[in-house]
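Summary of structural features
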Amino acid sequence: MPTPHDILRTVFGFDDFIGLQGDVIPHVAEGGDAVVLMPTGGGKSLCYQIPAMLRDGFGVVVSPLIALMRDQVAALRQAGVRAACLNSSLSMQEMNEVQADLEYGRLDLLYVAPERLCRPEFLERLARLRPNLFAIDEAHCVSQWGHDFRPEYLQLSIIPERFPGVPRVALTATADLPTRNDILTHLGLDGARIFANGFDRPNIRYTVQPKDKPQHQLLQFIRNTHQGDSGIIYRISRKKTDQTAAFLNKNGITALPYHAGLSAEERNAHQERFMREEGLVMVATVAFGMGVDKPDVRFVAHLEPPRSLEAYHQETGRAGRDGLPADAWMTYGLQDFAIMRSMIVGGDADDRRKFVEHRKLDSIMAFLEAPGCRRQALLSYFGESIEPCRNCDTCAQPPKTWNGTVAAQKALSNIFRTGQRFGAKHLADVLKGETSKRISQLGHDQLSTYGIGDELSGGEWRSVYRQLGASGLLEVDIEGHGALHLNENSWQVLRGEREVVLRTDPVVPKVSRRRTRGERIDEEGTLATSEARILFDALRAKRAELASERGIPPYAVFPDRTLLEMVRYRPSALADLGLLSGIGEMKLQSFGETFLAVLEGHEAINGRPDDLPPLPQQRSTAKPARKGASESALESARAFTRLGNVEEVAQERNLKASTVWIHLASAVSSGEYDWRDLCVLEEDAVREIRDVMTAFRTRGIMELSPVHEELQGRYDYGLLRIIRNGLNREGASK
Ligand SMILES: Nc1ncnc2c1ncn2[C@@H]1O[C@H](COP(=O)(O)OP(=O)(O)OP(=O)(O)O)[C@@H](O)[C@H]1O
Ligand SMILES: [Mg+2]
Ligand SMILES: [Zn+2]
């Protein structure tokens, strides 16, 4: 019986559990119910996938994400997991195949949409087949409180009635208490153990800029730090979404819009392109994003603030799911809050709900103007306290604070003198004593506040208004015209009863060096040389080719991290490749040789750097790994010495011939077998191969592809590998 850790390592190719996986998985595998609250990209999926694989039979995964199910299943299948989905996107024949697989016990995981699960005939069939667990993903969809409410989710309360004793696990990244309570009550999970860990996403860097020309600021941000990267840009309305997508395309950045105004087909097509293509930018309203598990989204940008810190946390969490550095970038102005307040007021929620929504906006305003660490401010909202993070804009460049009491008094009295009818731009102009037709028509050049603000620039005055708004020292009118009003707090300032501390806005460097693609994620400087970048591109090209042949997204072949590790460590044997992150046994089998060939081909042309770091340690900390070939490889080697033929070994062991070749090569390279015992070639053939190999070696070429070519492809790579490994050992023992 494998342990959870065995599956993590051999199937998914990861070394250690992340987040609470190590606690949740055994609990669920042993039949416990669970509610799992982990941040976006926190690794919730394995919390039900591994238990379902450990338990007899199959697990049922309920998910609202029909458009993403196929890719999720395809990605699992690449790792060798027997997964399938049932939803309206399947053809009749596909449907029948899945049904048959179910009946014959050929599945570990079945993904279904909630409406299908709750059909009586389907429940009937399931009851007969007895699933080993139910996972309810995106469980916050059961809550009417959130923005993703799906009425079908309410029907899921039938699961505990129909399937008593079958463990259930509900998972979500939504943090707030009302949602959590809805999950417990509506899904009958009152008795379940709750697993909640921190909400920090340390690899995300938070940056907030005051709004000036938002689209140009965005363009500068992308060009400076994310040229060629995948990203998501959130905008508040459909119109602005379309505008920004068009703007980016005009400026050479491929972008697609996504919002509820597009047809379902368009939305699906755009989503699919985003998942499959590299370097694509999605410009979207909040309609986009739930369950988008693309691991290499390198930035999430907001051109208007989100409606709450929960939403901000969730939306920005879609960046950097692969754990590599990513950016959450936002630009905002006071006007945005005017619009958002008016949307709340004009919406059809009840008063209590509206009150809560206003308070949520207050919290996000406070976050945006926080003088200290952004991460600290964000996490403290979720009840966590941390040290300053050193990975946000305010940590990198602590804002200077100054006594802004007098400035605030000037700014507020200017609001009063102009009749509480104007926005920050006009108010700043009056303080600066600008001359314009509008100012003279309004008679604002006659006011006592006209031209009293020489000490600050127009931009700085706008910043003063913005900060006063954020700290509740003035009101923005709710009708959405952006006029500023005084409130009780303003009068305290005007009467001198209250000190005001303001901060300087961050200076955004105008020109900074543009980065090349991939640089942002390359913490260790793996891609510092052009030779390394050429290899990285070659690996990516191979990945794209394999993915499109199979009709799956590139990350389902390997995520960026795995390719980066290939560049960093340059594995030259399958066993070494298998040590890298994200390469489980199945992927090693299906893709290993292909990627080794790319590495070899690259080295043949570009050589091999001589300062490579040692390979990462053997996988598994739980089980001290044997230095040597796997048990399965030794079994193949034993069988070969008995049968003398790879095909027969493959048949007897129910393996692919290519796997057996790999086994034999690794039994030789570990020194547990002599190559002569695993090679049945005539003496002449062996000599020919060794001569060619040696000739290349004396020229410093160690790879097999030129040897294979020189011998006109007459010998299988597997065979060449065995002889090469034999030569290596002989060389090493000399
Ligand atoms: N133990 C692990 N080691 C390394 N990477 C992992 C591990 N577990 C999961 N991952 C990776 O982390 C990423 C996020 O995992 P997952 O999709 O399960 O997140 P999630 O919690 O379901 O997020 P969401 O709330 O967006 O659905 C994936 O790319 C996955 O491959
Ligand atoms: Mg998930
Ligand atoms: Zn910080």
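Residues numbered from 1 in each chain as written. Chains lettered and ligands numbered in written order. Predicted model: local features only at pLDDT ≥ 70, side-chain atom pairs only at ≥ 80, totals over all residues.

**Quick look at the overall build of the protein chain**
Counted only if it meets this: Strands are runs of DSSP state E lasting at least 2 residues, helices are runs of H or I lasting at least 4, and numbering of each runs from the N terminus. The exposure label follows from counting other C-beta atoms within 10 Å of a residue's C-beta, where the C-beta atoms are placed from the backbone and the thresholds are 20 or more for buried and 12 or fewer for exposed, leaving partly exposed in between. Any two residues are considered in contact once their C-beta atoms, placed from the backbone, lie within 7 Å.
Regarding its fold elements, the protein chain presents 33 helices and 17 strands. Seen through its principal axes, the protein chain has C-alpha atoms that stretch 105 × 65 × 45 Å. Across the 734 residues of the protein chain, 44% fall into the buried class. Considering only contacts within the protein chain whose residues lie at least 6 apart along the sequence, 73% involve residues at least 24 apart.

**Thoughts on the confidence of the model for the protein chain**
Threshold: Each residue carries a pLDDT score, the predictor's own confidence in it, on a scale running from 0 to 100.
Looking at the protein chain as a whole, its pLDDT mean stands at 89, while 95% of the residues score no less than 70. This stretch, residues 619-627, has a pLDDT under 50; its non-local contacts, to residues over four places away or in other chains, come to 10 contacts.

**Overview of the domain arrangement of the protein chain**
This is how it is decided: Where each domain begins and ends is defined by an automated method or by a domain database.
Taken domain by domain, the protein chain holds domain 1 (4-196), domain 2 (204-396), domain 3 (401-503), domain 4 (517-626) and domain 5 (631-733). Each of domain 3 and domain 5 was reduced to a C-alpha centroid, and the two centroids are 80 Å apart.

**Remarks on the sheet that holds strand β12 (residues 297-302)**
We apply this condition: For two strands to be treated as a pair, DSSP must find no fewer than two bridges joining them. Angles run from 0 to 180 degrees between N-to-C directions of axes, and those axes are lines fitted to C-alpha atoms, restricted for helices to the stretch in contact.
Taken together, the 6 strands give an open sheet; going across it, the order is β8-β13-β12-β9-β11-β10, and neighbouring strands pair in parallel fashion. Sheet topology places β8 (204-210) and β10 (255-258) at the edges, where each strand pairs with a single neighbour. Averaged over all adjacent pairs, the angle separating strand axes in this sheet is 15°, with direction ignored.

**Remarks on the packing of helix α18 (residues 405-417) against helix α19 (residues 424-432)**
Formally: Reported orientations rely on four angle classes, namely roughly parallel under 35 degrees, roughly antiparallel over 145, roughly perpendicular from 65 to 115, and oblique for the rest. For a crossing to be left-handed, the near helix must be turned anticlockwise from the far one by less than a right angle; the clockwise case is right-handed. Three categories are distinguished: nonpolar for Ala, Val, Leu, Ile, Met, Phe, Trp, Tyr, Cys and Pro, charged for Asp, Glu, Lys and Arg, and polar for the others, with Gly belonging to the last.
Axis separation between α18 and α19 bottoms out at 10 Å; the angle between their running directions is 110°. Here α18 lies roughly perpendicular to α19, going by the angle between them. Both α18 and α19 take part in a crossing whose hand is right-handed. Of α19, the residues touching α18 (which contributes Lys-410, Ala-411, Asn-414 and Ile-415) are Leu-427, Val-430 and Leu-431. Residue classes in the contact of α18 with α19 are distributed as 5 nonpolar, 1 polar and 1 charged.

**Some points on the environment of Asp-296**
For Asp-296, the position within the fold is in the loop between β11 (281-284) and β12. Counting along the chain gives 158 residues from Asp-296 to Asp-454, while the straight-line C-alpha distance between them is 48 Å. Setting aside residues no more than four positions away along its own chain, Asp-296 makes contact with Ser-230, Asp-322, Tyr-555, Pro-559 and Asp-560.

**Things to note about the sheet that holds strand β2 (residues 59-62)**
The parallel open sheet is built from 7 strands, whose spatial order is β3-β4-β2-β5-β6-β1-β7. Here the strands that pair on one side only, and so sit at the sheet edges, are β3 (83-86) and β7 (193-196). Averaged over all pairs of adjacent strands, the angle between their axes in this sheet comes to 20°, without regard to strand direction. Bridge count for β3 against strand β4 (residues 109-112) is 4 bridges, and the pairing is parallel. Its bridge partner lying in β4, Leu-86 is registered against Val-112.

**A closer look at the site of ligand 1**
Put simply, the test is: A residue counts as near a molecule or strand when its C-beta atom, positioned from the backbone, falls within 6 Å of it.
Surrounding ligand 1, one finds 19 residues, the nearest of these being Phe-14, Gly-43, Lys-44, Ser-45 and Ala-173. Counted by class, the shell around ligand 1 contains 8 nonpolar, 7 polar and 4 charged residues. When residues of the shell around ligand 1 are sorted by domain, at least three fall in each of domain 1 (4-196) and domain 2 (204-396).

**Observations regarding unusual backbone geometry**
Positive phi, close to 65°, is recorded for Arg-390, a residue that is not glycine. For Arg-390, the position within the fold is in the loop between α16 (374-381) and α17 (393-396). Residue classification places Arg-390 among the exposed residues on the basis of 10 C-beta atoms within 10 Å. Here the phi dihedral of Arg-570 falls at roughly 45°; this positive angle occurs in a residue that is not glycine. Relative to the helices and strands, Arg-570 is located in the loop between α25 (560-569) and α26 (574-577).

**Let's talk about the nonpolar core**
For the record, the criterion: Buried Ala, Val, Leu, Ile, Met, Phe, Trp, Tyr and Cys residues form a nonpolar core when they are connected through C-beta atoms within 7 Å.
Of all hydrophobic cores here, the largest spans 78 residues; its most connected members are Met-282, Ala-408, Ala-411, Leu-427, Tyr-465 and Leu-484. No fewer than three residues from each of domain 2 (204-396) and domain 3 (401-503) sit in this core. In contact with Tyr-465, not counting residues within four places along its chain, are Leu-334, Ala-411, Ala-424, Leu-427 and Leu-484. Core analysis: the second largest hydrophobic core is formed by 64 residues, Ile-50, Leu-86, Val-98 and Val-112 among them.

**Observations regarding the pairing of β11**
Rule in force here: Orient the strands so they point away from the viewer; a crossover is then right-handed if the path from the first strand over the helix to the second runs clockwise.
A two-sided burial pattern is seen for β11, the buried positions comprising Val-281 and Val-283 on one face and Met-282 and Ala-284 on the other. Looking at chain direction, β10 and β11 are connected through 4 bridges and run parallel. Each bridged residue has a counterpart across the sheet, and for Pro-257 the counterpart in β11 is Val-283. Chirality of the crossover, the property in question, places the unit of β10, helix α12 (residues 264-276) and β11 among those that are right-handed.

**A short note on the packing of helix α23 (residues 530-550) against α25**
As a packed pair, α23 and α25 sit with axes 10 Å apart at the nearest point and diverge in direction by 140°. Taken together, the axis directions place α23 and α25 in an arrangement best described as oblique. Note that α23 runs across α25; the crossing there is right-handed. Contacts between α23 and α25 involve Ala-532, Leu-535, Phe-536, Leu-539, Arg-540 and Arg-543 from the former and Leu-563, Met-566 and Val-567 from the latter.

**Looking at helix α29 (residues 646-653)**
Each α-helix turn comprises 3.6 residues. Residues three or four places apart therefore point the same way. To keep things clear, this is the line we draw: An arc is given here, and it is the one of the directions from the helix axis to the C-beta atoms.
For α29, the complete set of buried residues consists of Val-646, Val-649 and Ala-650. Buried residues of α29 fall within an arc of 100° about the axis and therefore sit on the same side. Structurally, α29 contributes buried residues whose contacts are with α28 (631-643) and α30 (657-669). Asn-654 sits one or two positions beyond α29 and adopts a positive phi of about 60°.

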